[in-house]
Amino acid sequence: MIVLATVIIFGGGMIFLIRGCLSQFDEQYAIPPVLGFEKDGKQVVFAVVGHEKATSYSRRGNFVQKSVSTSYYVQINDAVTGNKIKDRKAKSRSQIKTWPVEILGKADNQAWVFMGGLMSFDPFTLEETADAEMIEKKNPSLAGLLPAERHYYKFNHSSGHILITAKDGSRWDLDTKSLMAVSVSDEETDPVKARIKELDKLEDKCNADIDTLNNTKNRGAAEAYRNKQISYQEYNRISSEYYAEREILQRKRDSIGELKRHVEKDQRSYEDRQRAIENLQGNSISYNSIVLNNDTVNGNWYGLYSNAEMEKLFNRFQYSNAYEETARRKLRKAGIRFEEKYDTWMIDNVNALTQGSSEFLQGGFLMNRLTATPLHLSNPDAFIVLSRSQIGREGKIIITKLGMDGKKYWEYNTGLTDWTGWMLSGNFLIITGTDEKELSSGEINLLITLNMQNGEAKMYDYFKDKTRD
């Protein structure tokens, strides 16, 4: 018995020693993006976290080769303190057959995730609330048709619905609240194109009516007059009717054409905006791509421009990025009006712009990732302005809460040269980034929750699983 106990103790000690040696090569990281949720006064940050446990390793000089066992957890942190509240294992790597693993979005206070298939979680309890099996059970028509590839699922951040392209090519709109899916056509998924198609039909009908009118009352009357079947007076009467009716039809056609041009312009603007939104969803976004240099609020135009940039400013309003890295920009303000002639918004009296006193190196208004337009704060009304601590790649991103009157409420240096993600949730700006050299692309370790009222920030490190001072 003594020998057996000695063997067990020795074996246990060896296992503990081996695990201790291997644990130095363990890694954990969050997979962007993360989501913010608020309920009953509680604000949390939901993330998918990869846990890699080393099972073996070998070292050659400074190079370490290791084998790992990977599992994916869902985790929530307190937005106020940054502390981890809880986590829960969702799947091991062996259970996942297709990639990537990522968060799709939030809807009805649920976090939707793609992890080898559709899943959703309660962001406060971390209980699983939906998966492919549950969706197919609710929708027998989709049984066996849900694809395993991520790109067949398109999350609509506005409606909270998910557009699914099934294995047979049919399209379905999934209501994430009820889990009921309805079959949709291409026109239903793009109502603007459907409207243009409808206007095309009305325009074609007008042209057909004009041709019919021309054949019956123009050519027909002329031929009847030449054949002496009608008098000159009758010919004049029919011709007058023809020109009057043709003018009505032409005006109708022109108004349809004008309406179609407006719809097509709106469609182009919408598509441009969708491309801008799509560009903001990646994990490697440059600083210049996340800020805009002008905006409109309450009938006023606001811009962040240097004196040199002001000399080149065109008075037609459009959202645009600013790329000059040495520009020191100030807040400018002017009126704005809609110009019917050009069908666009124009900045009033560009030469009489006012400016705030604060300057921002590479300054710009932070964009909303879901709209590709600047984020706004209220009570009081303010912008979230980003700037750099210095020129060049080492410049850290600084956040300033800036009032519409140019008043600077507070300033915070994030210590990061680039971000992987950001979102405004309640009164917190949630920022993610990487400052851990051991991590690979698409893996993040740093979570910053920034109180927009007072500028107080909390940091949590996913890699070290602890909050930072």
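Residues numbered from 1 in each chain as written. Predicted model: local features only at pLDDT ≥ 70, side-chain atom pairs only at ≥ 80, totals over all residues. Heavy atoms only, no water.

## Considerations on the overall build of the chain
Scanning the chain from terminus to terminus reveals 6 helices and 29 strands. For 469 residues, the compact-globule formula gives about 23 Å, and the C-alpha radius of gyration of the chain, at 31 Å, lies well above that figure. With the C-alpha coordinates aligned to their principal axes, the bounding extent of the chain is approximately 130 × 65 × 50 Å. Here the chain, with 469 residues, has 43% of them falling under the buried criterion. A fraction of 54% describes how many contacts in the chain between residues 6 or more apart in sequence connect residues 24 or more apart. (Helix = DSSP H or I, 4+ residues; strand = E, 2+ residues; numbered from the N terminus. Rg over C-alpha atoms; globule rule 2.2 N^0.38 Å. Buried < 20%, exposed > 50% of the residue type's maximum accessible area, 1.4 Å probe, protein only. Contact = heavy atoms within 4.5 Å.)

## What to know about the sheet that holds strand S27 (residues 446-451)
The antiparallel open sheet is built from 5 strands, whose spatial order is S25-S26-S27-S28-S29. For this open sheet the edge positions go to strand S25 (421-425) and strand S29 (466-468), each flanked by a neighbour on one side alone. Mean inter-strand twist for the sheet, computed between neighbouring axes without regard to direction, equals 20°. Pairing geometry for S25 and strand S26 (residues 428-433), over 5 bridges, is antiparallel. Across the sheet, residue Leu 424 finds its bridge partner in S26, namely Leu 429. (Pairing = 2+ DSSP bridges. Axes fitted to C-alpha atoms, helices over the stretch in contact; angles between N-to-C directions.)

## Here's the deal with the pattern of salt bridges
Taken as a whole and judged by the stated rule, the model has 21 salt bridges. Glu 245 is paired through a salt bridge with Lys 217; the nearest N and O atoms lie 2.7 Å apart. You can see Glu 245 sitting in helix H5 (residues 232-279) and its partner Lys 217 sitting in helix H4 (residues 191-226), a full 28 residues away along the chain. Between Arg 237 and Glu 234 there is a salt bridge, with the nearest N and O atoms lying 2.5 Å from each other. One end of the pair is Arg 237 and the other is Glu 234, both in helix H5 and 3 residues apart, which spans about a single turn. Given a relative accessible area of 40%, Arg 237 falls into the partly exposed group. Residue Glu 234 is classed as partly exposed on the basis of its relative accessible area, which comes to 27%. (Salt bridge = Lys/Arg side-chain N within 4 Å of Asp/Glu carboxyl O.)

## Let's talk about the nonpolar core
Side chains that are nonpolar tend, in soluble globular proteins, to be buried together. If you look at the biggest cluster of nonpolar residues, it comprises 29 residues, and the most contacted ones within it are Ile 290, Leu 366, Leu 386, Ile 399, Trp 419 and Trp 422. Beyond its immediate sequence surroundings of up to four residues, Leu 386 is in contact with Tyr 287, Ile 290, Val 291, Gln 362, Gly 363, Gly 364, Leu 366, Ile 397, Ile 398, Ile 399 and Trp 419. By size, the runner-up hydrophobic cluster in this structure holds 23 residues, among which are Val 44, Phe 46, Ile 96 and Met 119. (Core = buried A, V, L, I, M, F, W, Y, C linked by side-chain atoms within 4.5 Å.)

## Brief notes about the confidence of the model for the chain
Averaged over all residues, the pLDDT of the chain equals 88, while 91% of them reach at least 70. The low-confidence segment residues 13-20 (pLDDT under 50) makes 3 contacts with residues lying over four places distant or belonging to another chain. (pLDDT = per-residue confidence, 0-100.)

## A short note on the pairing of strand S22 (residues 382-388)
Among the 7 residues that make up S22, 7 are buried, leaving the element largely enclosed by the rest of the structure. Side-chain alternation along S22 places Ala 382, Ile 384, Leu 386 and Arg 388 on one buried face and Phe 383, Val 385 and Ser 387 on a second face that is also buried. Examined bridge by bridge, strand S20 (residues 364-366) and S22 share 2 bridges and lie antiparallel to one another. Its bridge partner being in S22, Gly 364 is matched across the sheet by Leu 386.

## Things to note about the sheet that holds strand S7 (residues 118-121)
Taking strand neighbours across the sheet as the criterion, the 4 strands line up as S5-S6-S7-S8 in an open arrangement whose pairing is antiparallel. Of all strands in the sheet, those with a lone pairing partner are strand S5 (102-107) and strand S8 (128-131), marking the two edges. The average undirected angle you get between the axes of adjacent strands in this sheet is 25°. For S5 and strand S6 (residues 110-114), the ladder comprises 5 bridges, and the chain directions are antiparallel. Among the inter-strand pairings, Lys 106 is bridged to a residue of S6, identified as Ala 111.

## Side note on the packing of aromatic side chains
According to the stated counting rule, one finds 13 aromatic pairs in the structure shown. Consider the rings of Phe 114 and Tyr 153, whose centres lie 5.8 Å apart with planes at 45°: the pair is tilted. Of the two residues, Phe 114 sits in strand S6 while Tyr 153 sits in strand S9 (residues 153-155), which places them 39 residues apart along the sequence. Taking relative accessible area as the criterion, Phe 114 reaches 0% and is therefore assigned buried. Judged by relative accessible area, which is 4%, Tyr 153 ranks as buried. Here the aromatic rings of Phe 338 and Trp 345 are separated by 5.4 Å at their centres, their planes lie at 70°, and the arrangement is edge-to-face. Classification of Phe 338 as partly exposed rests on a relative accessible area of 35%. Of the aromatic side chains, those joined through ring pairs into one cluster are Tyr 225, Tyr 232 and Tyr 235. Of note, Arg 388 hangs over the ring of Tyr 287, and the distance from its end group to the ring centre comes to 4.4 Å. (Phe/Tyr/Trp six-rings, centres within 6.5 Å; stacked < 30°, edge-to-face > 60°. Lys NZ or Arg CZ within 6 Å of the ring centre and 35° of its normal.)

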